[in-house]
Amino acid sequence: NAGVTQTPKFQVLKTGQSMTLQCAQDMNHNSMYWYRQDPGMGLRLIYYSASEGTTDKGEVPNGYNVSRLNKREFSLRLESAAPSQTSVYFCASSEAGGQGQPQHFGDGTRLSIL
Amino acid sequence: KQEVTQIPAALSVPEGENLVLNCSFTDSAIYNLQWFRQDPGKGLTSLLLIQSSQREQTSGRLNASLDKSSGRSTLYIAASQPGDSATYLCAGVGGSEKLVFGKGTKLTVNP
(Lines give C-alpha, C1' and ligand atoms only; values in the text may rest on other atoms or scores of the structure.)
Protein backbone atom coordinates (compact mmCIF):
# COMPACT_ATOMS: atom_id res chain seq x y z
CA ASN A 1 0.00 0.00 0.00
CA ALA A 2 2.94 2.37 -0.54
CA GLY A 3 1.37 4.58 -3.25
CA VAL A 4 3.55 7.68 -3.63
CA THR A 5 6.68 7.80 -1.47
CA GLN A 6 8.70 10.96 -0.92
CA THR A 7 12.14 11.26 0.67
CA PRO A 8 13.27 12.94 2.80
CA LYS A 9 10.32 14.01 4.96
CA PHE A 10 12.18 16.97 6.47
CA GLN A 11 15.29 18.88 5.45
CA VAL A 12 17.07 22.06 6.49
CA LEU A 13 19.47 23.67 4.03
CA LYS A 14 21.64 26.73 3.99
CA THR A 15 21.26 29.30 1.23
CA GLY A 16 23.22 28.22 -1.83
CA GLN A 17 23.25 24.51 -1.04
CA SER A 18 21.86 22.02 -3.52
CA MET A 19 19.50 19.16 -2.90
CA THR A 20 17.42 16.56 -4.70
CA LEU A 21 13.95 15.55 -3.52
CA GLN A 22 13.03 12.00 -4.44
CA CYS A 23 9.62 10.64 -5.40
CA ALA A 24 8.59 7.12 -6.38
CA GLN A 25 5.20 5.60 -7.15
CA ASP A 26 4.25 1.94 -7.34
CA MET A 27 0.88 2.31 -9.13
CA ASN A 28 2.28 2.08 -12.66
CA HIS A 29 1.08 5.62 -13.34
CA ASN A 30 2.19 7.45 -16.44
CA SER A 31 1.99 11.02 -15.16
CA MET A 32 3.84 12.54 -12.22
CA TYR A 33 3.84 16.03 -10.72
CA TRP A 34 5.72 18.25 -8.29
CA TYR A 35 3.85 20.92 -6.31
CA ARG A 36 4.78 23.36 -3.60
CA GLN A 37 2.37 24.45 -0.87
CA ASP A 38 2.79 27.79 0.85
CA PRO A 39 0.53 29.52 3.40
CA GLY A 40 -1.98 31.77 1.66
CA MET A 41 -0.88 30.59 -1.79
CA GLY A 42 -2.32 27.11 -2.00
CA LEU A 43 -0.71 24.39 -4.07
CA ARG A 44 1.16 25.44 -7.18
CA LEU A 45 2.52 23.19 -9.89
CA ILE A 46 6.30 23.32 -10.34
CA TYR A 47 6.92 20.68 -13.02
CA TYR A 48 5.12 17.69 -14.38
CA SER A 49 5.89 14.65 -16.50
CA ALA A 50 3.09 13.35 -18.70
CA SER A 51 4.99 10.16 -19.46
CA GLU A 52 8.40 8.58 -19.07
CA GLY A 53 10.98 10.66 -20.90
CA THR A 54 9.00 13.90 -20.96
CA THR A 55 8.89 16.85 -18.58
CA ASP A 56 7.24 20.26 -18.76
CA LYS A 57 7.13 23.44 -16.72
CA GLY A 58 4.26 24.31 -14.46
CA GLU A 59 3.32 27.61 -12.85
CA VAL A 60 6.47 28.19 -10.75
CA PRO A 61 9.48 26.37 -12.34
CA ASN A 62 12.21 28.94 -11.70
CA GLY A 63 15.03 27.65 -9.49
CA TYR A 64 14.12 23.99 -10.00
CA ASN A 65 15.02 21.13 -12.32
CA VAL A 66 13.44 17.72 -12.65
CA SER A 67 14.36 14.28 -13.91
CA ARG A 68 11.95 11.50 -14.84
CA LEU A 69 14.40 8.70 -14.15
CA ASN A 70 12.02 5.93 -15.19
CA LYS A 71 8.28 5.30 -15.01
CA ARG A 72 8.37 5.01 -11.20
CA GLU A 73 10.64 7.88 -10.20
CA PHE A 74 10.48 11.65 -10.61
CA SER A 75 13.04 13.80 -8.80
CA LEU A 76 13.12 17.54 -8.10
CA ARG A 77 16.44 19.33 -7.76
CA LEU A 78 17.25 22.68 -6.19
CA GLU A 79 20.62 23.72 -7.62
CA SER A 80 21.21 26.74 -5.36
CA ALA A 81 18.63 26.92 -2.59
CA ALA A 82 17.11 30.29 -1.66
CA PRO A 83 14.99 31.23 1.39
CA SER A 84 12.02 31.79 -0.97
CA GLN A 85 12.08 28.06 -1.65
CA THR A 86 11.18 27.25 1.94
CA SER A 87 7.96 25.30 1.49
CA VAL A 88 6.25 21.94 1.66
CA TYR A 89 6.82 19.98 -1.52
CA PHE A 90 4.36 17.35 -2.72
CA CYS A 91 4.78 14.76 -5.41
CA ALA A 92 1.71 13.28 -7.09
CA SER A 93 0.92 10.76 -9.79
CA SER A 94 -2.02 9.85 -11.98
CA GLU A 95 -2.78 7.14 -14.48
CA ALA A 96 -2.86 9.66 -17.31
CA GLY A 97 -2.40 13.39 -17.54
CA GLY A 98 -5.13 15.76 -16.44
CA GLN A 99 -8.36 14.63 -17.93
CA GLY A 100 -10.50 12.27 -15.95
CA GLN A 101 -7.87 10.71 -13.72
CA PRO A 102 -7.50 11.41 -9.99
CA GLN A 103 -4.12 12.42 -8.67
CA HIS A 104 -2.56 10.56 -5.74
CA PHE A 105 -0.25 12.47 -3.40
CA GLY A 106 2.71 11.65 -1.21
CA ASP A 107 3.01 12.92 2.36
CA GLY A 108 5.32 15.78 1.41
CA THR A 109 8.82 17.02 2.10
CA ARG A 110 9.10 19.94 4.51
CA LEU A 111 12.05 22.03 3.38
CA SER A 112 13.54 25.01 5.24
CA ILE A 113 16.20 27.21 3.69
CA LEU A 114 18.16 29.33 6.16
CA LYS B 1 -6.47 31.11 -16.99
CA GLN B 2 -8.40 28.93 -14.58
CA GLU B 3 -8.83 30.34 -11.08
CA VAL B 4 -10.41 28.39 -8.24
CA THR B 5 -11.86 30.03 -5.13
CA GLN B 6 -13.08 28.45 -1.91
CA ILE B 7 -15.22 30.32 0.58
CA PRO B 8 -15.18 30.37 3.55
CA ALA B 9 -11.54 29.86 4.45
CA ALA B 10 -12.59 28.30 7.76
CA LEU B 11 -15.77 26.76 9.12
CA SER B 12 -16.65 25.46 12.59
CA VAL B 13 -19.75 23.33 13.17
CA PRO B 14 -21.15 21.12 15.95
CA GLU B 15 -21.04 17.36 15.53
CA GLY B 16 -23.98 15.89 13.63
CA GLU B 17 -24.62 18.92 11.46
CA ASN B 18 -24.95 18.62 7.69
CA LEU B 19 -22.72 21.09 5.90
CA VAL B 20 -21.77 22.37 2.45
CA LEU B 21 -18.36 23.51 1.26
CA ASN B 22 -18.23 25.76 -1.77
CA CYS B 23 -15.85 25.96 -4.70
CA SER B 24 -16.08 28.31 -7.68
CA PHE B 25 -14.04 28.36 -10.88
CA THR B 26 -13.65 30.89 -13.66
CA ASP B 27 -13.26 28.70 -16.75
CA SER B 28 -16.42 26.74 -17.55
CA ALA B 29 -14.44 24.62 -20.05
CA ILE B 30 -13.48 22.32 -17.23
CA TYR B 31 -12.66 18.65 -17.77
CA ASN B 32 -13.15 17.52 -14.23
CA LEU B 33 -13.16 18.73 -10.65
CA GLN B 34 -11.57 16.90 -7.77
CA TRP B 35 -12.14 17.27 -4.03
CA PHE B 36 -9.32 16.46 -1.61
CA ARG B 37 -8.91 16.22 2.13
CA GLN B 38 -5.69 17.28 3.86
CA ASP B 39 -4.93 16.47 7.48
CA PRO B 40 -2.31 18.56 9.33
CA GLY B 41 1.21 17.60 8.32
CA LYS B 42 -0.04 15.16 5.72
CA GLY B 43 -0.49 14.95 1.98
CA LEU B 44 -3.75 15.19 0.08
CA THR B 45 -6.27 12.37 -0.06
CA SER B 46 -8.56 12.28 -3.06
CA LEU B 47 -12.22 12.15 -2.00
CA LEU B 48 -14.28 12.53 -5.16
CA LEU B 49 -13.71 13.31 -8.82
CA ILE B 50 -16.52 14.64 -11.01
CA GLN B 51 -16.13 14.45 -14.76
CA SER B 52 -17.41 17.36 -16.84
CA SER B 53 -20.21 15.14 -18.17
CA GLN B 54 -21.42 14.33 -14.65
CA ARG B 55 -23.41 16.43 -12.23
CA GLU B 56 -22.53 14.67 -9.00
CA GLN B 57 -20.60 11.91 -7.29
CA THR B 58 -21.25 10.23 -3.96
CA SER B 59 -19.05 8.34 -1.53
CA GLY B 60 -20.53 7.39 1.82
CA ARG B 61 -21.53 10.59 3.65
CA LEU B 62 -19.96 12.78 0.97
CA ASN B 63 -21.70 14.14 -2.11
CA ALA B 64 -20.04 16.45 -4.61
CA SER B 65 -21.87 18.34 -7.32
CA LEU B 66 -20.68 20.21 -10.39
CA ASP B 67 -22.51 23.00 -12.22
CA LYS B 68 -20.37 24.10 -15.14
CA SER B 69 -22.77 26.82 -16.28
CA SER B 70 -22.52 28.66 -12.97
CA GLY B 71 -18.87 27.77 -12.37
CA ARG B 72 -19.58 26.11 -9.03
CA SER B 73 -19.01 22.88 -7.19
CA THR B 74 -20.18 21.92 -3.72
CA LEU B 75 -19.11 19.22 -1.29
CA TYR B 76 -21.92 18.11 1.00
CA ILE B 77 -20.99 16.29 4.20
CA ALA B 78 -23.84 14.58 6.01
CA ALA B 79 -23.94 14.01 9.77
CA SER B 80 -20.52 15.52 10.37
CA GLN B 81 -18.13 13.88 12.86
CA PRO B 82 -15.03 15.17 14.68
CA GLY B 83 -12.97 12.90 12.43
CA ASP B 84 -14.09 15.00 9.46
CA SER B 85 -12.01 17.90 10.79
CA ALA B 86 -9.43 18.71 8.11
CA THR B 87 -8.77 21.13 5.29
CA TYR B 88 -10.79 20.44 2.15
CA LEU B 89 -9.41 21.49 -1.21
CA CYS B 90 -11.03 21.54 -4.60
CA ALA B 91 -9.07 21.51 -7.84
CA GLY B 92 -10.16 21.82 -11.44
CA VAL B 93 -8.63 20.63 -14.68
CA GLY B 94 -9.19 22.89 -17.65
CA GLY B 95 -7.68 23.31 -21.08
CA SER B 96 -4.12 23.14 -19.79
CA GLU B 97 -4.77 19.61 -18.47
CA LYS B 98 -3.25 20.64 -15.17
CA LEU B 99 -4.90 20.80 -11.76
CA VAL B 100 -5.55 24.30 -10.43
CA PHE B 101 -6.20 24.33 -6.69
CA GLY B 102 -8.28 26.51 -4.45
CA LYS B 103 -6.74 27.57 -1.14
CA GLY B 104 -8.99 25.30 0.87
CA THR B 105 -11.60 25.43 3.62
CA LYS B 106 -10.44 24.43 7.09
CA LEU B 107 -13.28 22.51 8.72
CA THR B 108 -13.55 21.95 12.46
CA VAL B 109 -16.28 19.66 13.78
CA ASN B 110 -16.77 20.15 17.51
CA PRO B 111 -17.86 17.23 19.73
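Our structure's up above, just so we're on the same page.
Let me begin by describing the structure that accompanies this report.

Basis of the calculations
- Here, residues in each chain are numbered from 1, in the same order as that chain's written sequence.
- Written order decides the labels, with chains lettered from A and ligands numbered from 1.
- Where totals are concerned, whole chains, interfaces and linings use all residues; where local detail is concerned, this predicted model gives features only for residues with pLDDT of at least 70, and gives and counts side-chain atom pairs only at 80 or more.
- The side-chain numbers reported here are obtained from all heavy atoms of the structure, hydrogens and water having been left aside.
- A helix here means a DSSP run of H or I that spans at least four residues, while a strand means a run of E at least two residues long, and both kinds are numbered starting from the N terminus.
- Only the C-alpha atoms count toward the radius of gyration. The rule for a globule is 2.2 Å times the residue count to the power 0.38.
- Any two residues whose heavy atoms approach within 4.5 Å are treated as being in contact.
- We get accessible surface area from the Shrake-Rupley algorithm with a probe of 1.4 Å; when it comes to residues, only the shown protein chains can shield them.
- For the charge count, each Lys or Arg is scored as positive and each Asp or Glu as negative, with His and the chain ends excluded.
- All charge positions are set by atom: Lys at NZ, Arg at CZ, Asp at CG, Glu at CD.
- Following DSSP output, two strands are said to pair if at least two bridges run between them.
- Note on geometry: axes are lines fitted to C-alpha atoms, helical ones only across the stretch in contact, with angles between N-to-C directions running from 0 to 180 degrees.
- In short, buried area is how much 1.4 Å probe accessible area vanishes from two parts on joining, totalled over both.
- Salt bridges are counted wherever a side-chain nitrogen of Lys or Arg sits within 4 Å of a carboxyl oxygen of Asp or Glu.
- Polar contact is defined as a pair of N or O atoms within 3.5 Å, subject to the rule that within protein one atom must be able to donate a hydrogen and the other to accept it, and that residues adjacent in sequence are counted only when both atoms are side-chain atoms.
- Relative accessibility decides the category of a residue: with a 1.4 Å probe and only protein chains considered, values under 20% of the type maximum give buried, values over 50% give exposed, and everything between is partly exposed.

Side note on the overall build of chain B
Counting its secondary structure elements, chain B contains zero helices and eleven strands. Mapped from its N terminus to its C terminus, chain B presents α and β elements in the order β-β-β-β-β-β-β-β-β-β-β. Since a compact globule built from 111 residues should have a radius of gyration of about 13 Å, the 13 Å found for chain B is in line with a globular shape. Each principal axis of the C-alpha distribution contributes one length, and for chain B these read about 40 × 25 × 20 Å. Contacts in chain B between residues far apart in sequence, at least 24 positions, make up 54% of those at least 6 positions apart. Looking at chain B as shown, the accessible area adds up to about 5,200 Å², and 48% of this sits on carbon and sulfur atoms. Charge centroids of chain B, computed over 10 positive and 9 negative side chains, lie 5 Å from each other.

Some points on the sheet that holds strand β7 (residues 64-68) of chain A
All names here are of chain A. Judged by pairing direction, the sheet is antiparallel, and its four strands sit side by side in the order β1-β3-β8-β7 without closing on themselves. Each having just a single partner strand, β1 (4-7) and β7 make up the two edges of the open sheet. On average, each strand axis in the sheet is tilted by 15° relative to the strand beside it, whichever way the strands run. Looking at chain direction, β1 and strand β3 (residues 19-25) are connected through four bridges and run antiparallel. Opposite Thr-7, over in β3, you have Gln-22 as the bridge partner.

Structural notes on the interface of chain B and chain A
In this complex, chain B contributes 20 residues to the contact, which on the side of chain A involves 22 residues. Counting the surface lost from both chain B and chain A, the interface buries some 1,600 Å², and carbon and sulfur atoms represent 54% of this. There are zero salt bridges connecting chain B and chain A. Our count for the chain B to chain A interface comes out at three residue pairs in polar contact (both at pLDDT 80 or more). Elements represented by at least two residues in the side of chain B that touches chain A include exactly β4 (32-38), β5 (44-51), β9 (86-93) and β10 (99-101) of chain B.

Some details on the environment of A:Gln11
All names here are of chain A. Along the polypeptide, Gln-11 turns up in strand β2 (residues 10-13). Classification of Gln-11 as partly exposed rests on a relative accessible area of 28%. Here the alpha-carbon distance between Gln-11 and Leu-111, two residues 100 residues apart in the chain, equals 5.0 Å.

A look at the sheet that holds strand β8 (residues 72-77) of chain B
Pairing between the strands of a sheet comes from backbone hydrogen bonds, and it takes one of two forms, parallel or antiparallel. Residues and elements named next belong to chain B. Across the sheet, which stays open at both edges, the five strands sit in the order β1-β3-β8-β7-β6 with antiparallel pairing between neighbours. Each edge of the sheet is formed by a strand with only one pairing partner; in this case those strands are β1 (4-7) and β6 (56-59). Strand-to-strand, the axes of this sheet are offset by a mean angle of 15°, without reference to chain direction. The pairing of strand β3 (residues 19-25) with β8 spans six bridges and is antiparallel.

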